[in-house]
Structures are given as structure tokens and as C-alpha cells.
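A look at the structure
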Amino acid sequence: MRRFFDIVRVATIALVSSSLVNALGQTPVIGFTSSRGSIQLAGPDDNAIIVLDGRDWPGVIRAGKDLAADFGKVTGTDLDYHVQNTTKGLPKTQFAIIIGTIGKSAFIDGLIAKGDLDVSKINGTWESYTTQLLLRPATAPGIHKALIIAGSDKRGTIFGAYDISEQIGVSPWYWWADVPTVKRTNIYALDVDRVQKSPSVKYRGLFLNDEQPALTGWVNAKFPRGKYGPGFNKEFHSKVFELLLRLRANYFWPTTWNSMFAVDDPENQYTADYYGIVMGASHTEPMTSSTKEWNTLGNGTWDFSVNDKNIVDFWYKTIRRAKPWENLITMAMRGNGDTALDNPNHIALLERVISKQRQIIDEVFDVPVDKVPQMWCLYKEVQGYPEQGLSVPEDITFLWADDNWGNVRRLPIGDEPSRKGGAGVYYHFDYVGDPRDYKWIDTVSLAQTYQQMKLSYDRGADRIWIVNVGDLKTLETPIDFWFALAYNVSSVTSIGINGYLEQFAAKTFGSQYAKEIAGLLERYSFLTARRKYELLESGIYSVINYREAETVLAEWKDLSDRAEALYSKIPAEYKPAFFQLVSHKAKAGYIVYDIYINIARNQRYAAQRRNSANYLTSYVQKRFQEDFDLQKEWDELLDGKWIHFLDQTHFGYNYWQQPMRNTIGGLSFVQFPQNSLAGALGVAGEGSNGSIPGDDNNNAGTFNNNTIVLPVLDTYNAVGSRWIEIFNKGNEPFNFTIKPHNPWIKVSQSTGTILPSQTSNTDIRVELSVDWANAPAGYNIAFIDIESSAPYGDFNMPSIHLPISKTAVSSGFKGFAESSGYISIEAEHATRKSSAYEVIPGFGRTKSGVQLKDNTASTQSAPSGPALEYDIFTFSSPAKGTNITAYFGTGLNNYPGRPLKYAIAIDDETPKVVKYVPDESSPGNLPPEWLIAVANNIWTYKTTHTVAPGKHTLKFWALEPGVVLEKLVIDQGSVVPSYLGPPESKIL
Ligand SMILES: *[C@@H]1O[C@H](CO)[C@@H](O)[C@H](O)[C@H]1NC(C)=O
Ligand SMILES: *[C@@H]1O[C@H](CO)[C@@H](O)[C@H](O)[C@H]1NC(C)=O
């Protein structure tokens, strides 16, 4: 045993190197060097022991043993633990960790009784704990000094133990994402008293759902099949429960499509309770039953109006079975298998159902029914029922749902927040259904989740947060984020998403690359949320306007390249985790975008008869193969540990449901050995599908088949040039020379040679720009000839017409200048912004979102309310007026009587007030426009204004909390099609 010597004196200088890896908002209590008053929990010579009371919750003892083993992961030596039913007989030891629950541990209770441990701040509260160091703890004779972890209840203590695990460097994801543990020689407990209060949200859980093919494939490979189906047994669930507890979660909905939690393994329910997990079931599986259980073992039809006796018997059975364990019981009833009730008198029927269910619970449980936690999920059509007059007992928690696409549909109003049962939210990170499934890999917008869930919390939905996570894998970051937010909302809101991600990256990969990794994760979340992979098609992003497709693709390439570069740089032990959490997603997303955008290019190039069309067919096929190879790499990772988790098909959707096999279509070939009737040289330009010479169908030129007219290039164009492409559409090489007629036209490349090739892309992109100092004022058209060494076939030398417009804002103007017939503004770039607004970085499709800070603010008014102001300068005066399109996040009208609204005005005109989210088509049913809004991840609304040329101020007012403005586009008549809208104009 190590000789006693006082560490207090060793560290008179503040040597605190507290853990870098503190959980969010958690007080650091662990260090890796000694500091004033600290005690050594692990070291080369000696280790502390863990002390537990054998009469404490079995789940507490289990977590204490996990903590002992977690020390082993860090130092190589597990701590010894002592579980005893008497405080006597502990070995004489210098240091100990005493873990116990108030009222369940004699070690803890004795200290409280003697006045040595103050638990007044946590006693009787939900899931809280306190930790502190105590010299010679009276209840543990023989121990010199101890770290005391005292929990207010079972999970309070468990979270206290796992918090130490995390602070010594064991990631909650050590098993589920193979996050390695940094080896340490010395571990110290800091001399701090800490009180960890109750979580922000009472029940915090996840739902494993739509588990075919990925999770089920993996379970089939890893766990023995059960009598009725895949092996969703207690071994499988133990892994899930441990993860949940380490993430400070407490609630779980099991898989539903081919499993029966209580039947597949008769020990499943016990195991959940043993770990400390509160069991629930999906919104459609009431009374602790499962749909499959009824369909397999039930009697007759799942229709209470005709088969109530059998259904009631079934519920008696399931409720009796669940009685010993901690449950949050799903109430009411939907149709069989996630469908609506098919009954004209559904309100009366449901009232009868709920009343019968309450009677059963009341009879079976030893406590009155209103003491048994119950929830009723107002999912899909069910949301309309309370509005149709259904009355629900006060103690049942209303679990409001999102629209399956991350937009909460209803939040507490009026006196609902004071309902005894309170309210919660059922949310989706994965979905099967309209407008299309999203269940391959992570497509979660952390910014949208943050905005919607903070809104929910502020509006009083704090009783239950449950999130559908599909198969779980690839959603690790969103899941971690979800539980961080649910556990302590303000710990996340105080540092923002980037701050959270940096801490997550540091906990997971160490501090060295934490900033870089946080940047990659944030970028991934932003790029992927623009549109779900399953909804991508070749025509979504424009390959001719605003350089849109190429910009988006370059963003993906940059992300993928950076992730790959970092992958090769990080130490080998981090690679499997980095692949799973970061680089796989970046690469996989890039491949999908690369494929669809290059199919769009292929179609365009083939229509222009380019040889490069053929090259792109092979490029796309190569990338399609790489998509499969990446899946294989995943399957082979760590000897197949995560095999099948990427089995989900993701190419070739043609309706909402998944394709049975990955398929891509739409590739076109040109007849390579054949020369074009218009000669080998071809020229295409920005803004049209046309090409010259010779294109008849698509030709953009209004004059003839030798001329292309490009979109106007003006002084304030944000890019500063227009592009053309020169390509070979024949079987012979040629030299080209670009000859502008006007000396003020600049050409990025004037000459070149283009060989006929279908194995490489020999097309040349040329940028045309203007020497504005020497260009004439006003509107002019520049002529640019493209001369070829090869004949033009039946046609003439092609020529480009580039209209230019030399304009000037008035001197001293600061703000946005019109260019290309529009002004596009990112909402956060307000010239003047009221302090009532805040920016949510990474929100939406193009940059960020701006919303009212106070989610509980009352309805605002215009023009007196807080505004965003944008100074603009226009040059044109469109005959039919100026259309201003406002772009919003996909949030819904979740406050009956207070729909989302904004007001907009140019200068001092009377503000136009707009309700931009249409009403539900019928109670509980989303408006038809919603399908398009969530597919495109945007609500837009257009107002028309009169705007004379010159300087103006565009004023915007969010009239309700929850309105999140992303972008404003002022169309002076020339906006052309694109997915994201025109890119931002130049800010002067
Ligand atoms: C300690 O108490 C627990 C709970 O009462 C009991 O299950 C266990 O058998 C006891 N252990 C001993 C050694 O008495
Ligand atoms: C904790 O609170 C309970 C009631 O909730 C009470 O019975 C008990 O005496 C309290 N214990 C301490 C140590 O304050």
C-alpha cells in the first residue's frame, strides 16, 4: 500500500489539468494530475476501491461495476469493488469511491445522518446527484478519504457513476462506435463539491424503428434467433440500455415490426428494469404490448368496437406482466400496424378504450391509476382528436409529435402547461413514409433539431422527449446531441451547436483535432439536410444556372477530401470510430451527389453531342461501384462488427417506399466514332442547354444556330464572370481561338486544343469577364467569336453574345446591389438587426436562420415590432412589380390560433402581413403543400412590391416565435430556376 503522504501539499500551484472531456455542462471532478485537495483514484502504485451497498438498486451496483471496469480501460487495471450489506469489514485503504442512493445505501445514509454529507439540494428530486470528497468517511472505517457519489434515486446514482466514467475518458460510444480510451497512469478526484440537478426533460428516450434491413440484418448475424423472429433479446438490449444510461437517457421504445419485446426474450422487461430503463412502446402499441404480439398471439381482430373482450383480456395479460417493472405506458389505440382507426365514431370509441385501459391499470397496480405514468401520443391523425372533443384524463402526458420530418406539429397552449401529466415530443431522425423514406445514413439537421426542441422546451413540452432513430448506427452524433439537449438544455444553448460539437469531438477523438472534426460534423449536418438522399434526382440542382450543381458538388468534395485527409492523419486507434462517425458519411454523401449531378451533366452533354457524355457514363458507373465498395468497407470493419448496418438501399426511389435494389438510370451515350454534322467544335454556355454550332432544339440563341446569348454580366455580379464550355463533338482534334471583338472583354483561356476522347473529359471551361474601367457605361453587347481549325460542317463559325451592364450605386451606399436582375440576401446579413433576433448558424439550406430569441414572446406587430432591415440598391424597374420571396425553415403552425406569420415592407410602405404555412387540410392532417416543403426543406412565400430604381430598405418582421427566416430574394424579373434560389448578391 502506498505510503500516506499528503497530496494537498504537493500541488500548491494550481496544477489542475482537469479532464478535457467533461460532459456538457458537467462540473469537472476528475483530473489527471494532482491538485490542491485532490485524491488519487488510480496510479502506478495504488488504486482506490469502489464501495457499494448490496441493498442498493441492482442497477446501481451494476453501474458501479462498470465504473470499476472503466478505470481498467484507462489505466489497465480495474478498480476493486466491494459490495456489502454492512458497512463493516472494508479493507484498510487510502482512497475509495463510495457510490450509493439516498435511502438505499447505509454508507450514504450514515454520512447524511451524521451531518457529514449534505443532500438537501437533491433529496427527493428526480435523477439528481451530488459528489464531494470526504476525509475519513464515518460509515467506511479504514478509508482515509473518499469520493462520495450520492444519488437522489436509482438513476441519479447511476448517472453519477457514469459521469465519472466519461470524465476519466470512457466515451458513452466506446462499444457502439468503437471510440478508444486514452490511456492514463494517474487519475485524481478534484476537491470540488458538486450538485447535479434534475435533467431538463424527465423522460429522455429513443425508438429503434423501421429496423429492416439494417439493424435486423445485424441482429440476425450477431444474436441467436428467437422462437418468433430475430434475436432482439436481453443481450442485444443490454448493449442498448448501457448506451442509453451513459448518454443519461432513461426511456426506450423497442423495435416494432418483427419483434415483441416482452415475448422474444422473457427477460427483456426484467433487464430493462435492472439497468434502470423505463420501458415504453411506440405510439401504436398500447398497454405494454406489441403489435406483433397481438397479431401472433392475440385473438381476433384489433378492433375494439367488435372484439373488445379479447382485447381487454390481452391487455390484462400485458399489464400484469409489466407490473413489476418501471413503465411509461402508451395509452389509447390506433389501427393495426401504424394505421388510423377505422371507425366513424372514433372519439366515443377512444373514450371507451381509454376508460377501460385506466380501469385495468387501476385494478392491476397497487397504486391508483393516476400514480402510474402514462402517455398518449398524438401522432398523425390522432392529433386532431382532442380538437374533435376527445377528453383525456389530466395525468396522462400528451406526447405531441413532429411531422416525421423534424417539425413539431403542436405544442402546449393556454393552460395545458399546467396539466398534471404535462407534455412531450415524439421526434424523427429517420422515417418510412411520405414524401419518401429517409433511412439510409444520417440526414439530420442539428440546427433544425436544436431550434425545434428548444422551442418545444420553452413552450413547456419537457416531460418526454423520444426520438425515432431508425437503426441507430450512423445517427450517433444526432443521438448524442439529442440527449445532451434533453439532459441539460441550457448547457447546449449556452455554447451553441458548434460548441457542443467541439466538446463531442474532444470527448470522442481527443482535443488535438476537435475543432477540425467539429467543423466536419457541422458541415455534414448542413449539407445533408438540404435534401434527403432518397429524394435526390439528377435534375434537382441546376447544372446551368448560378453554378449551383457545381458549387454544391464542390462543397461535398471539400468535405469528403478533408475527412479523408484527417482520417489518414489521426492515430490508428481512432480510425474505426472516425470512419463510422465522420469520414464514412462524408464520403458516402459525396458519392451520391457526384452520381446525381454527373447524371444531369451526362444528359445535358449528350443532348449537346459531347464526347464527354460517354466519359461521364463510365465515371458515374465507377462512382456507383464505389458506393458499394464503401458499404463493403463498412461491412468488413473490425472483422464485421457492424455488418449489414448499411444494407439500406438508397438509389432508385420511384415512390415513397424503398427500392428493392440500388438502381441508377438516365445515362446517355453519343456515337463516338461518328463526327457531328456541325463539325467537331462545340460551344455551350451558362444559363441554357443550347450549344453551337448546330443545336436546333435547345438552342438558346434567338438569332441562329451559330450564336449563344449569355445572361447579362453586370458590375456587381458576385462571381464576376460568365462561363462557356468548349468541347469536342466529333472524331477529330481541333485547335480553337477565342476572339472577342471588344478590347474590354477578358478571356481566361484564349486558345487550346481539344482531342476527341471518350475516356477522359477534355472539355474546357472558359470564363469571360469585363475590364469595367474601360468598358462603356450602360447596356452593351459584346461579341466573341470561337474559331476552330476543323470545319464547321454545314454551319458557320460560332459566336457568343455577352450582354454587359455597367452600373453604379450612389456613392457611399452600403448594402446589397442588384445584379443579374435580382438581389439575394442571407437573412443573417441584415444591415440593422433588432437585438430581439438571434442567428442559428447552419440552419436551413444556404447559411443560417434568424428568429426571435424569445420562444415565449407574444405575437409581434409591424411596423412597431422588432425588425430586420436590409439596405438594397436596385437598377431595374420591372413592369409587373418586384417579387420578394422569403425562404423559411420548415417549422409548422404548432400554436392553434397563432399561425406563423411575417410582415414585409419596402421603405415606408404599409407592411404586408403573410401567413406562409397553409392550414391543415382537416384536423390532424397536414396541408398538401407540406409534402413539397419538407422534400425541398423550405417554405417560401412571394409578395409583390413597387420598387423604383435606387436605394431602399427592405424591412422584415417575424410576427411569431418559431418563424425562422433563411433568405430573401428580390426578383427584378430575371430570377431563373434553381433549387436553392439565386446565390447571395454582393454586399457593398
Ligand atoms: C444483501 O442484500 C441484498 C438485498 O437485500 C440481498 O439480495 C443479498 O442477498 C444480500 N447479500 C448478503 C451477502 O447478505
Ligand atoms: C429526503 O426526503 C424524504 C421525503 O421525500 C424524507 O423522508 C427524508 O427524510 C429525506 N432525507 C434527507 C436525508 O433529507
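Residues numbered from 1 in each chain as written. Chains lettered and ligands numbered in written order. Predicted model: local features only at pLDDT ≥ 70, side-chain atom pairs only at ≥ 80, totals over all residues.

**Description of the overall build of the protein chain**
The secondary structure content of the protein chain amounts to 20 helices and 40 strands. A compact globule built from 988 residues should have a C-alpha radius of gyration of about 30 Å, and the protein chain, at 32 Å, falls within 12% of that. Dimensions of the protein chain, computed from the C-alpha atoms along their principal axes, are close to 100 × 75 × 60 Å. For the protein chain, the proportion of its 988 residues judged to be buried stands at 54%. Long-range pairs, those at least 24 residues apart, make up 75% of the contacts in the protein chain between residues at least 6 apart in sequence. (Helix = DSSP H or I, 4+ residues; strand = E, 2+ residues; numbered from the N terminus. Rg over C-alpha atoms; globule rule 2.2 N^0.38 Å. Buried ≥ 20, exposed ≤ 12 C-beta atoms within 10 Å, placed from the backbone. Contact = placed C-beta atoms within 7 Å.)

**Topic: the site of ligand 2**
Ile112, Val119, Asn123 and Gly124 make up every residue found near ligand 2. Residues of the shell around ligand 2, tallied by class, amount to 2 nonpolar, 2 polar and no charged. (Near = placed C-beta within 6 Å. Nonpolar A, V, L, I, M, F, W, Y, C, P; charged D, E, K, R; others polar.)

**Points about the environment of Tyr431**
For Tyr431, the location among the structural elements is in the loop between strand 16 (423-428) and helix 12 (446-458). Spatially, the C-alpha atom of Tyr431 lies 7.7 Å from that of Trp405, the residues being 26 residues apart in sequence. Residues in contact with Tyr431, not counting those within four places in the same chain, are Asn404, Trp405, Asp437, Tyr438, Lys439 and Asn468.

**Structural notes on helix 13 (residues 476-487)**
The terminal C-alpha atoms of helix 13 lie 16 Å apart, and with 12 residues this matches the ideal 16 Å at 1.5 Å per residue to within 8%. Among the residues making up helix 13, those that are buried are Glu476, Thr477, Pro478, Ile479, Asp480, Phe481, Trp482, Phe483, Ala484, Leu485, Ala486 and Tyr487. (Expected span 1.5 Å × (residues − 1).)

**A closer look at the UniProt feature "domain: Gylcosyl hydrolase 115 C-terminal" (unreviewed entry) in the protein chain**
Taken from the UniProt record, the annotation "domain: Gylcosyl hydrolase 115 C-terminal" (unreviewed entry) applies to residues 815-984. Annotation note: span residues 815-984, helix share 5%, strand share 39%, distance between end C-alpha atoms 12 Å. (UniProt positions renumbered as here; feature names shortened; annotations may be inferred.)

**Re the domain arrangement of the protein chain**
For the protein chain, the domain assignment lists domain 1 (7-196), domain 2 (207-494), domain 3 (507-670), domain 4 (681-806) and domain 5 (816-971). Taking the mean C-alpha position of each, domain 1 and domain 4 sit 72 Å from one another. (Domains from an automatic or database assignment.)

**Some points on the pairing of strand 37 (residues 912-915)**
Summarising the sheet, strand 36 (residues 901-906) and strand 37 pair through 4 bridges and their orientation is antiparallel. Along strand 37, the bridge assignment pairs Ile904 with Lys912. Taking the residues between adjacent antiparallel strands as the criterion, strand 36 and strand 37 are bridged by 5 residues, where Asp907 takes a positive phi near 50 degrees. (Pairing = 2+ DSSP bridges.)

**Quick word on the packing of helix 12 against helix 13**
As a packed pair, helix 12 and helix 13 sit with axes 11 Å apart at the nearest point and diverge in direction by 20 degrees. Here helix 13 runs roughly parallel to helix 12, going by the angle between their axes. Judged by the twist between their axes, the crossing of helix 12 over helix 13 is right-handed. Across the interface between the two elements, Leu446, Thr449, Tyr450 and Met453 from helix 12 touch Pro478, Phe481, Trp482 and Leu485 from helix 13. Taken together, the residues of the contact of helix 12 with helix 13 sort by class into 7 nonpolar, 1 polar and no charged. (Axes fitted to C-alpha atoms, helices over the stretch in contact; angles between N-to-C directions. Parallel < 35°, antiparallel > 145°, perpendicular 65-115°, else oblique. Left-handed = near helix turned anticlockwise from the far one by under 90°.)

**Looking at the pairing of strand 17 (residues 464-468)**
Within strand 17, 5 of the 5 residues are buried, which leaves the element mostly enclosed by the surrounding structure. Because side chains alternate across strand 17, one face comprises the buried residues Ile464, Ile466 and Asn468, and the other comprises Trp465 and Val467, equally buried. In terms of strand pairing, strand 10 (residues 203-207) meets strand 17 through 5 bridges, oriented parallel. Of the residues in strand 17, the one forming a bridge with Phe207 is Asn468. Handedness of the strand 16-helix 12-strand 17 crossover: right-handed. (Right-handed = clockwise from strand over helix to strand, strands pointing away.)

**What to know about the environment of Gly103**
Mapped onto the secondary structure, Gly103 falls in the loop between strand 5 (93-101) and helix 3 (106-113). Spatially, the C-alpha atom of Gly103 lies 9.5 Å from that of Gly151, the residues being 48 residues apart in sequence.

**Re the sheet that holds strand 6 (residues 129-135)**
Read across the open sheet, the 6 strands follow the order 4-3-5-7-6-9; overall the sheet is mixed. Sheet topology places strand 4 (80-84) and strand 9 (194-196) at the edges, where each strand pairs with a single neighbour. With strand direction ignored, the average angle separating the axes of adjacent strands in the sheet is 20 degrees. Across 4 bridges, the pairing between strand 3 (residues 49-53) and strand 5 is parallel. Within strand 5, the residue paired with Val51 across the bridge is Ile98. Each of strand 3, strand 5 and strand 7 (143-151) is contacted by helix 3, which is oriented at about 95 degrees to strand 5, the strand it contacts most.

**Remarks on the confidence of the model for the protein chain**
Averaged over the protein chain, the pLDDT score is 94; the fraction of residues at 70 or greater is 97%. In this model, residues 1-21 is a region of pLDDT below 50 whose contacts with residues beyond four sequence positions or in other chains number 44 contacts. (pLDDT = per-residue confidence, 0-100.)

**What about the sheet that holds strand 8 (residues 187-189)?**
The 3 strands are arranged 1-8-2 in an open sheet whose pairing can be described as antiparallel. A single partner strand is all that each edge strand has here, and the edge strands are strand 1 (30-31) and strand 2 (39-42). Relative to strand 8, strand 2 runs antiparallel, the two sharing 3 bridges. When the bridges of strand 8 are listed, Ala42 appears paired with Ile187.

**Some remarks on helix 6 (residues 234-246)**
Residues separated by three or four positions in an α-helix point in the same direction, a consequence of the helix having 3.6 residues per turn. Between the first and last C-alpha of helix 6 there are 18 Å, a value that for 13 residues agrees with the 18 Å anticipated at 1.5 Å per step. Within helix 6, 10 of the 13 residues are buried, which leaves the element mostly enclosed by the surrounding structure. Of all the residues in helix 6, the buried ones are Lys234, Phe236, His237, Val240, Phe241, Glu242, Leu243, Leu244, Leu245 and Arg246. Each element contacted by the buried residues of helix 6 is listed here: helix 2 (58-75), helix 4 (154-168), helix 5 (214-222), strand 11 (251-253) and helix 8 (268-275). Phi turns positive one or two residues past the end of helix 6, at Arg248, with a value near 65 degrees.

**Side note on the environment of Leu378**
Looking at where Leu378 falls in the secondary structure, it is placed in strand 14 (residues 374-378). On the basis of neighbour counts, which here come to 25 C-beta atoms within 10 Å, the residue Leu378 falls in the buried class. With 21 residues separating them along the chain, Leu378 and Leu399 place their C-alpha atoms 5.9 Å apart. In this view, Leu378 contacts Gln383, Phe398, Leu399, Trp400, Ala401 and Arg410; residues no more than four positions away in its chain are not counted.

**Considerations on the packing of helix 18 (residues 575-607) against helix 19 (residues 612-636)**
Between two packed helices, the angle of one axis relative to the other and the distance separating the axes together describe the packing. Between helix 18 and helix 19, whose axes approach to 9 Å, the crossing angle comes to 160 degrees. When the axes of helix 18 and helix 19 are compared, the pair comes out roughly antiparallel. For the pair helix 18 and helix 19, the crossing hand works out as left-handed. For the pair helix 18 and helix 19, the contacting residues are His584, Lys587, Ala588, Ile591, Asp594, Ile595, Asn598, Ile599, Arg601, Asn602, Tyr605 and Ala606 in the first and Ser612, Ala613, Leu616, Thr617, Tyr619, Val620, Arg623, Phe624, Glu626, Asp627, Leu630 and Trp634 in the second.

**Some remarks on unusual backbone geometry**
Going from Asp434 to Pro435, the amide bond is cis rather than trans, its omega being -10 degrees. Tracing the backbone shows Pro435 in the loop between strand 16 and helix 12. Omega for the peptide link from Ala862 to Pro863 comes to 10 degrees, which places this bond in the cis form. Assignment of secondary structure puts Pro863 in the loop between strand 33 (848-852) and strand 34 (868-874). Within the chain, Arg248 stands out as a residue other than glycine whose phi angle is a positive 65 degrees. Looking at the secondary structure, you find Arg248 in the loop between helix 6 and strand 11.

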